[in-house]
Amino acid sequence: MGLSKTIWTNPTEYLRSVKPENPVLFFAPSVIQATARRFIDGFPGLVTYAVKSNPEEVVVENLVAAGVSGFDVASPFEIRMIRRLAPDAALHYNNPVRSRAEIQMAVEAGVKSWSVDSASELAKLVELVPPQGCEISVRFKLPVSGAAYNFGAKFGATVELAADLLKTVADAGFIPSITFHPGTQCIDPHAWEAYIRSAADIARNAGVKIARLNVGGGFPNHRLEGVVPQLEETFALIDRVATEAFGADRPALVCEPGRGLCGDGFVHAAKVKAVRDGGHVFLNDGIYGALAELPLVGVIDRIEVLSPEAVKRTAPKAPRIVFGPTCDSVDRLPGDVMLAGDIAEGDYVVFLGMGAYSTVTNTRFNGFGELTMATVLSAAV
Ligand SMILES: *Cc1c(COP(=O)(O)O)cnc(C)c1O
């Protein structure tokens, strides 16, 4: 992805001056830094960044500048990148399945914090990782019926298995901790409450006093006009429930937001290639590009339509079927997208809050995916 060296006032100024043919992601460092400070000031524990959500080096550099000192990494590539950009940062290797070669690489890179959710993967760590000063967090999940969001489809031990694993971790001489992930874009703070209370039960059942509780990512970014993230309220709830659930044995807290830190720092602009067949809108970007996660997490409604001269279209919004540029028929945004009724060929469709799972999931399928990045002082459109 090309990084323009010029800093623009806002996305509108860029669109008016450059009239880009390819999709653009606008990066607002001021927003990333302000969000990082909101987490660091408000969260009652250590704030780490889940690198996978947006591994652009400028994002990592701005988070470090704002004071983020720990990173959730999932692969040797991410470990090497963070070691290079933030040599003193804590690395939490919280992808619970790793090859032996990956484990050895991470030991050599100085990783001191790991997560597990199965006996076989724990056995690998016990075999290959020296336990001194090293933390292993047991990751658990709650049954879907008891949790607000299903993020446990792939990872997470049952509460019963988690207690067994925690005992093994402590017996093997590692620092015992617990972790969970309540589900991405989790707008209901009470999901954390159920998880924190279960974590305390797991520790009690295992007879193990845990050093840290990592409450995961899942913190939302601003995707829908009417659903503004309640970060401070969520932090306060986590703080209160941790004390209630653990009492005198309250562990230190850690969080590892991805989306919550990077989501609102980017704005995406796609150009309208065609309006045809009675109103279907064809964009130059879609689900194989920077809009990859819309079918997974749901379409957003913080969308503006700008004319080719970058003037906001103000006609009442109307539902549209929106396609991406590839020849694949699944390359369509989910449902109907509400767009200004007078949208026309050559316009720009501007999506706000697009920093998470966008730059990094962009593909070159069908020869598209020529995504430009431009730095802006303000993300407002
Ligand atoms: C993906 C992931 C995160 C970040 O999730 P968000 O929903 O983007 O905050 C945090 N921790 C782990 C272990 C993850 O896999």
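Source: prediction; values computed, not measured.

S.K.: Hey, could you go over the pattern of salt bridges for me, with residue numbers and the actual values?
M.R.: For the structure on display, the rule yields 16 salt bridges. Between Asp239 and Arg250 there is a salt bridge, and its shortest N-O distance comes to 2.8 Å. Here the residue Asp239 occupies a position in helix α9 (residues 231-246), and Arg250 occupies one in the loop between α9 and β10 (252-255), the gap between them amounting to 11 residues. Residue class for Asp239 comes out partly exposed when judged on its relative accessible area of 32%. What makes Arg250 partly exposed here is its relative accessible area of 27%. Notably, a salt bridge pairs Arg259 with Glu293, separated by 2.9 Å at the nearest N-O pair. Separated by 34 residues along the polypeptide, Arg259 in helix α10 (residues 259-262) and Glu293 in the loop between β12 (280-283) and α11 (294-297) bring together distant segments of the chain. The residues Arg259 and Glu293 share a single accessibility class, namely buried. Beyond isolated ion pairs, a larger network of salt bridges with shared partners links Glu193, Arg197, Arg240 and Glu244.

S.K.: Explain unusual backbone geometry to me, using residue names and the numbers behind them.
M.R.: Excluding glycine, residues mostly have negative phi values, and the peptide bonds linking residues are mostly trans. Phi angles above zero are rare outside glycine, and Asp277 is one such case at about 55°. Its place among the elements puts Asp277 in the loop between β11 (266-276) and β12. Since its relative accessible area comes to 49%, Asp277 is described here as partly exposed. In this structure, Tyr357 takes a positive phi of about 50° despite not being glycine. Residue placement: Tyr357 occurs in the loop between β17 (348-352) and β18 (372-376). You can call Tyr357 buried: its relative accessible area is 16%.

S.K.: Hey, could you go over the site of the ligand for me, with residue numbers and the actual values?
M.R.: Looking at the ligand, there are 14 residues lining it, with Lys52, Thr184, Gly218, Glu256 and Tyr357 nearest. Here an oxygen atom of the ligand sits 2.8 Å away from a polar atom, N or O, in the main chain of Gly218. Here an oxygen atom of the ligand and a backbone polar atom of Arg259 are 2.9 Å apart. Here the ligand, which alone exposes 380 Å², has 92% of that area covered by the protein. Its residues assigned to classes, the shell around the ligand comprises 3 nonpolar, 6 polar and 5 charged.

S.K.: With reference to specific residues and values, describe the domain arrangement of the protein chain.
M.R.: By the assigned domains, the protein chain splits into domain 1 (3-27 + 264-376) and domain 2 (29-262). Listed by partner, the interface residues are 22 residues for domain 1 and 20 residues for domain 2. Considering only the side of domain 1, the residues that lose the most area to domain 2 are Phe27, Asp264 and Tyr357, jointly responsible for 32% of the buried surface there. Summed over the shared surface of domain 1 and domain 2, the result is 2 salt bridges.

S.K.: Can you tell me about the packing of helix α2 (residues 29-42) against α9, naming the residues and giving the values?
M.R.: It is at 10 Å that the axes of α2 and α9 come closest, and there the two elements cross at 25°. The angle between α2 and α9 falls in the class roughly parallel. Between α2 and α9 the crossing geometry is right-handed. Every residue of α9 that contacts α2 at Arg38, Phe39 and Gly42 is listed here: Leu231, Glu232 and Phe235. Tallied by class, the residues present in the contact of α2 with α9 amount to 3 nonpolar, 1 polar and 2 charged.

S.K.: Describe in detail the UniProt feature "domain: Orn/DAP/Arg decarboxylase 2 C-terminal" (unreviewed entry) in the protein chain, supporting the description with residues and values.
M.R.: Under the local residue numbering, the UniProt record ascribes the feature "domain: Orn/DAP/Arg decarboxylase 2 C-terminal" (unreviewed entry) to residues 266-355. The span residues 266-355 is 4% helix and 38% strand, and its two end C-alpha atoms sit 5 Å from each other.

S.K.: Quick rundown of the packing of helix α8 (residues 190-206) against α9? Include the residues and the values.
M.R.: Two elements in contact, α8 and α9, have axes separated by 9 Å at closest approach and are oriented at 25°. In terms of their interaxial angle, α8 and α9 are classed as roughly parallel. Taken as a pair, α8 and α9 cross one another with a handedness that is right-handed. Packed against α8, whose contacting residues are His190, Trp192, Glu193, Ile196, Arg197, Ala199, Ala200, Ala203 and Arg204, the element α9 presents Thr234, Leu237, Ile238, Arg240, Val241, Ala242, Glu244, Ala245 and Phe246 at the interface. For the contact of α8 with α9, the per-class residue count stands at 11 nonpolar, 2 polar and 5 charged.

Quick notes on the rules
- Residues numbered from 1 in each chain as written.
- Predicted model: local features only at pLDDT ≥ 70, side-chain atom pairs only at ≥ 80, totals over all residues.
- Heavy atoms only, no water.
- Salt bridge = Lys/Arg side-chain N within 4 Å of Asp/Glu carboxyl O.
- Helix = DSSP H or I, 4+ residues; strand = E, 2+ residues; numbered from the N terminus.
- Buried < 20%, exposed > 50% of the residue type's maximum accessible area, 1.4 Å probe, protein only.
- Near = heavy atom within 4 Å.
- Polar contact = N/O pair within 3.5 Å; in protein donor to acceptor, adjacent residues only side chain to side chain.
- Areas by Shrake-Rupley, 256 points an atom, 1.4 Å probe, with all protein chains shown as cover.
- Nonpolar A, V, L, I, M, F, W, Y, C, P; charged D, E, K, R; others polar.
- Domains from an automatic or database assignment.
- Contact = heavy atoms within 4.5 Å.
- Buried area = accessible area lost by both parts, 1.4 Å probe.
- Axes fitted to C-alpha atoms, helices over the stretch in contact; angles between N-to-C directions.
- Parallel < 35°, antiparallel > 145°, perpendicular 65-115°, else oblique.
- Left-handed = near helix turned anticlockwise from the far one by under 90°.
- UniProt positions renumbered as here; feature names shortened; annotations may be inferred.

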